[in-house]
Amino acid sequence: MTHIEDELTAQPQCWTRAAAEAVRHAGELPTPGERVALVGCGTSWFMAQAAAALREGAGHGETDAFAASEFPHGRRYDRVVALTRSGTTTEVLDLLGRLRGHTRTTAITADPHTPVIQAADHVVVLDHADERSVVQTRFATTAFTLLRAHLGLHTDAVVADARTALAEPLPEGLVDCGQFTFLGDGWTVGLANEAALKMREASLSWTEAYPAMEYRHGPISISTAGTATWMFGDAPDGLARQVRATGALWVPGRLDPLAELVRAQRLAVAVAAARGLDPDRPRHLTRSVILAP
């Protein structure tokens with residue numbers, strides 16, 4: 001078993017633990033009414049997108065998400081939350097350094113022995129969700145679960161759906177597709193972006209992601225026999241029918257969207273295996289991007 005297979009399989013347990021610990025970390029996490037920005041790089045940025053939309057949609061306050069390198073320093077926030085598995089990513093550390101002393105910061109990380117511990121005002125360590133694979137799975141979803149539970153939006157049903165996602169076979173013919181598009185709506189757009197990234201990283205697949213209502217505004221033109229379109233959450237009326245009419249494989253989101261991401265992680269590993277690739281060591285990538293001064 002590869003590291004990524006072992007790690008993605010452990011997600012139900014990691015989520016349960018993070019949800020149980022959310023109350024203990026309440027003082028380090030955003031409070032209702034705060035204006036908040038969530039930041040990260042790569043996977044962490046996409047999970048920040050999902051968490052930001054979920055928080056604002058739940059009425060907890062205006063919440064934005066940015067790649068750490070694109071943070072708008074002209075805007076005022078009550079708190080900035082940085083997601084960083086390694087705690088060593090250059091863009092995140094640089095941003096936290098610039099914010100120190102005038103904007104409250106919180107870092108959610110997997111490693112308590114990295115520079116982010118000193119860089120942020122508050123730190124939440126999810127070391128039980130740390131990973132050996134370069135490709136992120138359980139840390140990202142566990143950090144998201146912590147934030148979701150903090151909002152009061154996590155339930156045992158989410159964990160049950162994750163177990164279903166791990167146990168059920170993938171849709172027939174999906175692994176053989178040559179192109180994959182992931183669609184989301186609201187907070188699930190970030191998850192769709194992350195699913196596409198997983199496919200690119202682990203299996204070198206041609207993947208794209210869009211808000212579901214945007215798919216008919218051009219991207220559907222690539223749909224044909226041998227491609228797949230996967231919906232995270234409820235699909236807009238008529239979209240499934242339109243996609244099937246192109247000859248593409250339509251994959252409905254039957255489970256909680258976070259559990260659907262687990263299914264997409266499994267697909268990335270399966271496609272990598274079919275292509276003779278090592279999903280733990282994707283080409284040109286490292287566990288953390290550390291830039292020379």
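Computed from a prediction, not measured in an experiment: that's the story for all the values here.

**Q** Mind laying out the sheet that holds strand β9 (residues 249-251), listing which residues take part and the relevant values?
**A** The strand order β7-β6-β8-β9 describes an open sheet built from four strands, whose pairing is parallel. Since the sheet does not close on itself, it has two edges, and those belong to β7 (206-211) and β9, each with one partner. Taking each pair of neighbouring strands and ignoring which way they run, the sheet shows an average axis angle of 20 degrees. Sheet topology note: the strand β8 (residues 227-231)/β9 ladder contains three bridges and is parallel. By the bridge assignment, Thr 229 is partnered in β9 with Trp 250. Packed onto the sheet, helix α10 (residues 257-274) meets β6 (179-184), β8 and β9 and runs at close to 155 degrees relative to β8.

**Q** Tell me about the sheet that holds strand β1 (residues 36-40), and name the residues and values.
**A** One open sheet holds the five strands; their spatial order is β2-β1-β3-β4-β5, and the pairing between them is parallel. Both outer strands of the open sheet, β2 (63-67) and β5 (122-125), are each paired with one neighbouring strand and no more. Ignoring strand direction, the axes of neighbouring strands in this sheet form an average angle of 20 degrees. When β1 meets strand β3 (residues 79-84), the two strands line up parallel, connected through four bridges. The partner of Ala 37 across the bridge, within β3, is Val 80. In this fold helix α4 (residues 90-99) packs onto β1, β3 and β4 (104-109), with an angle of close to 160 degrees to the strand it touches most, β3. Contacts between helix α6 (residues 138-150) and the sheet are confined to β1, β3, β4 and β5, with β4 contributing the most and set at about 135 degrees to the helix.

Thresholds, definitions, all that
- Residues numbered from 1 in each chain as written.
- Predicted model: local features only at pLDDT ≥ 70, side-chain atom pairs only at ≥ 80, totals over all residues.
- Heavy atoms only, no water.
- Pairing = 2+ DSSP bridges.
- Helix = DSSP H or I, 4+ residues; strand = E, 2+ residues; numbered from the N terminus.
- Axes fitted to C-alpha atoms, helices over the stretch in contact; angles between N-to-C directions.
- Contact = heavy atoms within 4.5 Å.

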